[in-house]
Amino acid sequence: QVQVLESGGGLVQAGGSLRLSCAASGRIFAINAMGWYRQAPGKQRELVVVVTNSGSTNYADSVKGRFTISRDNAKNTVYLQMNSLKVEDTGVYYCNANAKTTWYDRYLEVWGQGTLVTVSS
């Protein structure tokens, strides 16, 4: 089994910064992509950013230029640096890993429990 664990959420004023971390652990054969999604109150979960193991990224338009994802493949960890935070960035941020446990398995989506980010005005 593969698990992912997020950390780093909290309360911050608009314009401030936060850094989220996500570490994958367990029986990991390979991880393809890792990324962050978020869910605001009353809304559906949405993509924030995804990074592949080759370093390709896909950012949501709403966070481009403000958020930066980085990945440490050796540690199976991704980080999300969030700058110039806005009230509308408030939500639960979920880490996702596309991983498999053996060479013959297919890749599965693994989700963390989420970490709450609250941006106050």
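Structure shown above.
Residues numbered from 1 in each chain as written. Predicted model: local features only at pLDDT ≥ 70, side-chain atom pairs only at ≥ 80, totals over all residues. Heavy atoms only, no water.

Visitor: Explain the overall build of the chain residue by residue, including any values.
Guide: Counting its secondary structure elements, the chain contains zero helices and eleven strands. Its helices and strands taken in sequence order, the chain reads β-β-β-β-β-β-β-β-β-β-β from the N to the C terminus. Scaling as 2.2 N^0.38, a compact globule of 121 residues should have a C-alpha radius of gyration of about 14 Å, and the chain matches this with 14 Å. Considering only C-alpha atoms, the chain reaches an extent of 50 × 25 × 20 Å along its principal axes. Within the chain, the fraction of its 121 residues that count as buried is 42%. The long-range fraction of contacts in the chain, counting pairs at least 24 apart against all pairs at least 6 apart in sequence, stands at 56%. (Helix = DSSP H or I, 4+ residues; strand = E, 2+ residues; numbered from the N terminus. Rg over C-alpha atoms; globule rule 2.2 N^0.38 Å. Buried < 20%, exposed > 50% of the residue type's maximum accessible area, 1.4 Å probe, protein only. Contact = heavy atoms within 4.5 Å.)

Visitor: Pulling in residues and values, what's your account of the pattern of salt bridges?
Guide: Within this structure, the stated rule accounts for four salt bridges. With a shortest N-O distance of 2.9 Å, D89 and R38 are connected by a salt bridge. Placement of D89 in the loop between strand 8 (77–82) and strand 9 (91–100) and of R38 in strand 4 (residues 30–39) is noted, with a sequence separation of 51 residues between them. The buried category is assigned to D89, whose relative accessible area is 1%. (Salt bridge = Lys/Arg side-chain N within 4 Å of Asp/Glu carboxyl O.)

Visitor: Describe the layout of surface pockets, listing the residues and the values that go with them.
Guide: In this structure, the largest pocket occupies an estimated 160 Å³ of space. Around the largest pocket sit R38, Q39, A40, K43, Q44, E46, S62, R66, E88, D89 and T90, which together line it. The class makeup of the residues in the lining of the largest pocket is one nonpolar, four polar and six charged. (1 Å grid on protein atoms, 1.4 Å probe; cavity = no way out; pocket = protein on both sides within 12 Å on 5 of 7 lines; lining within 4 Å. Points joined across faces, edges and corners; volume = space filled by probe spheres on them. Nonpolar A, V, L, I, M, F, W, Y, C, P; charged D, E, K, R; others polar.)

Visitor: Break down the sheet that holds strand 8 for me, with residues and values.
Guide: Here we have four strands laid out as an open sheet, ordered 1-3-8-7, and antiparallel in their pairing. Either end of the sheet is taken by a strand with one partner, and the two such strands are strand 1 (2–7) and strand 7 (67–72). With direction set aside, neighbouring strand axes in the sheet form an average angle of 15°. For strand 3 (residues 18–26) and strand 8, the ladder comprises six bridges, and the chain directions are antiparallel. Following the sheet pairing, L20 is matched in strand 8 by L80. (Pairing = 2+ DSSP bridges. Axes fitted to C-alpha atoms, helices over the stretch in contact; angles between N-to-C directions.)

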